[in-house]
Amino acid sequence: MITFRGVNKHFGGLHVLKDIDLHVEPGEVVVIIGPSGSGKSTLLRCINKLETISGGELNVLDMPLGGRGADVNRLRRDIGMVFQHFNLYPHLTVLDNITLAPVQVLRQPKTEAEAHARHLLAKVGIPEKANALPSQLSGGQQQRVAIARGLAMKPKIMLFDEPTSALDPEMIGEVLAVMKQLAKEGMTMVVVTHEMGFAREVAGRVIFMDEGRIVEEAEPATFFGQPKAERAKLFLSRVL
Ligand code: ADP
Ligand code: MG
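Residues numbered from 1 in each chain as written. Chains lettered and ligands numbered in written order. Predicted model: local features only at pLDDT ≥ 70, side-chain atom pairs only at ≥ 80, totals over all residues. Heavy atoms only, no water.

Undergrad: Can you explain the sheet that holds strand β1 (residues 2-11)? Please cite residues and give values.
TA: Two pairing modes exist for strands in a sheet, parallel and antiparallel, and in both the strands are linked by backbone hydrogen bonds. Within the open sheet, the 4 strands sit side by side as β2-β1-β4-β5. Their pairing is antiparallel. Each edge of the open sheet is held by one strand with a lone partner, namely β2 (14-24) and β5 (63-64). One ladder, built from 2 bridges, connects strand β4 (residues 55-60) with β5; its direction is antiparallel. Its bridge partner lying in β5, Val60 is registered against Met63. (Pairing = 2+ DSSP bridges. Helix = DSSP H or I, 4+ residues; strand = E, 2+ residues; numbered from the N terminus.)

Below you can see the structure in the form of structure tokens.
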């Protein structure tokens, strides 16, 4: 589904991704961890072409993303992304936030989009909030709406960039539970997070990044049990 081969990314003089090799199979859950500034968000943003790679090869859903040829619209349709800040439209109800893209982009009939949206709201545990405005919801509820909005496009891949980092501690669990369920259902997911419990429990593979490089890649039991890279050991000693 996703293949990086020797990918590099520069922002002007700043070398942010260095020789990234990464392969993600359908149904895999890959968790990316690492210190701030190590390139995690940039790597994620390359996958849906919010950033363009500077060199190497990147293939996503059978499309090469290096040049100008990539069908960005198809990419954005097929890849859902959830950010730290939920970015809901504040003036639209929860239901309208979720149905906006399916109606406008996929040309779904409004009634069909709404039925699907209600199904998704039940799935993320807040069926009663369809007519609420985002400001009337807690942070955890808003983030669950953002996940439902992503799912409304029936994506093939879901990207999560620190989806719980802006939440109060008591709301983190409810968002992680939704992500865990999604993983169980076979969604292909790439998740940047500092939630080590989630990584340990849900990840098929953990990627540790430092200074733009993938310095370790392992199954969670191996990574958390016997990290090899010194930088990963140090990182884990600080966060665990
Ligand atoms: P992480 O998500 O691991 O904290 P990022 O991918 O956000 O790391 O950033 C990696 C590096 O790239 C940082 O030094 C950051 O300042 C820089 N960077 C990120 N986005 C941009 C941008 N649009 N322009 C210039 N520098 C950027
Ligand atoms: Mg980041």
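And the narrative resumes.
Undergrad: Mind laying out the pattern of salt bridges, listing which residues take part and the relevant values?
TA: When their charged atoms lie close together, side chains carrying opposite charge are able to pair. Counted according to the given criterion, the structure contains 14 salt bridges. Arg45 is the salt-bridge partner of Glu51, the closest N and O atoms lying 3.3 Å from each other. The exposure class of Glu51 is buried, given its relative accessible area of 17%. We note a salt bridge from Lys233 to Glu230, for which the minimum N-O separation is 3.3 Å. Taken together, the positions of Lys233 and Glu230, both in helix α9 (residues 230-239) and 3 residues apart, correspond to about one turn of that helix. (Salt bridge = Lys/Arg side-chain N within 4 Å of Asp/Glu carboxyl O. Buried < 20%, exposed > 50% of the residue type's maximum accessible area, 1.4 Å probe, protein only.)

Undergrad: Any chance you could break down the pairing of strand β7 (residues 157-161) for me, citing the residues and the numbers?
TA: In terms of burial, β7 is a largely internal element, 5 of the 5 residues being buried. Judged by which residues are buried, β7 turns out to be covered on both faces: Ile157, Leu159 and Asp161 on one side and Met158 and Phe160 on the other are all buried. Direction of pairing for strand β6 (residues 79-82) relative to β7: parallel, over a ladder of 4 bridges. Note on β7: the bridge partner recorded for Gly80 is Met158. Looking at chain direction, β7 and strand β8 (residues 188-192) are connected through 5 bridges and run parallel. Bridging from a neighbouring strand, Leu159 pairs with Val190 of β8. One crossover worth recording links β7 to the parallel β8 by way of helix α6 (residues 169-184), and it is right-handed. (Right-handed = clockwise from strand over helix to strand, strands pointing away.)

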